[in-house]
Amino acid sequence: MAARRSSLGFLGMFGRSGDLRQLDAALRGADLHPALVPEGVKLTIVNLMKGRWPGEPPGHAYADVARLFSYCIAGPEAFERSNGLQNRLDAERRIEAALEAGDSFDAQIVLMTLHAKLISAEVVERYGLSAG
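In short, a report on the structure. Numbers given to residues run from 1 along each chain, matching the order in which its sequence is written. Reporting in this predicted model follows two pLDDT cut-offs: at least 70 for local features of residues, and 80 or more for side-chain atom pairs to be given and counted; totals over whole chains, interfaces and linings ignore these cut-offs and use all residues. Here the side-chain values reflect all heavy atoms present in the structure, with hydrogen atoms and water set aside.

## Observations regarding the pattern of salt bridges
Then comes step 1: Salt bridge, as applied in this entry: a Lys or Arg side-chain nitrogen positioned within 4 Å of an Asp or Glu carboxyl oxygen. On inspection of all chains with the given rule, the structure shows nine salt bridges.
Then comes step 2: Of the charged contacts in the structure, one is a salt bridge between Arg126 and Glu92, with a shortest N-O distance of 2.8 Å. Remark: Glu92 occurs in helix H5 (residues 85–101) and Arg126 occurs in helix H7 (residues 121–127); sequence separation between them is 34 residues.
Then comes step 3: The salt bridge partner of Arg94 is Asp106, with a shortest N-O separation of 2.8 Å. Secondary structure elements are taken from DSSP: a helix is a run of H or I of four residues or more, a strand is a run of E of two residues or more, and numbering for both begins at the N terminus.

Structure below.
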C-alpha cells in the first residue's frame, strides 16, 4: 500500500490534502481556529496520525485529536467554556493516562504541543510538564 501524502497546496494551484482539511475542520469543531496553528504543527499531527493508523484513521480520530490538542492550547477553563464539562474531563483523563503510559499517541500530541510552545502555562503547571 502506498503511503498517504499530506500537501499544503502550492500558490493556490494545488489544494490541501484531505487529511489536513479534515484536521482543520476538526480544529474548528474544537473551537480552535486552524489559522492559529502553524502548518508545520498540523503536518506533524497528521504524520503522527499516519503512524497510529496505517490505513485511514477512523471517523472520530480527527475530532478526538483536535479536542486534546485544543485543551492543551486553551487550558481547562477556556476549553470547558467552548467544549463542555464532559469534553474537559475526557481531555484531562487522556492527559493523565498519557503521563502514566509515557510513550503513547496522546503523549506524543501533548509533547508536540509543548515543544511547539503552544501549550497553555496552566496545563504545563497542572501536570508538571517539561520539555527536558
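The structure having been displayed, the exposition proceeds.
## Considerations on the nonpolar core
One recurring pattern in soluble globular proteins is that nonpolar side chains are buried together.
Then comes step 1: If you look at the biggest cluster of nonpolar residues, it comprises 33 residues, and the most contacted ones within it are Ile45, Met49 and Phe69.
Then comes step 2: For this core, the secondary-structure elements that each account for two or more residues are helix H1 (18–29), helix H2 (39–52), helix H3 (61–74), H5, helix H6 (105–115) and H7.
Then comes step 3: Tallying contributions element by element places H3 first for this core, with eight residues.
Then comes step 4: Contact between two residues is taken to exist if any of their heavy atoms lie within 4.5 Å; hydrogens are not considered. Phe69 has contacts with Leu27, Leu32, Val37, Val41, Ile45, Ile109, Met112, Thr113 and Leu118, leaving out every residue within four places of it along the chain. In plain words, nonpolar cores are sets of buried Ala, Val, Leu, Ile, Met, Phe, Trp, Tyr and Cys residues tied together by side-chain atoms within 4.5 Å. Residue exposure (1.4 Å probe, protein chains only): buried if accessible area is under 20% of the type maximum, exposed if over 50%, otherwise partly exposed.

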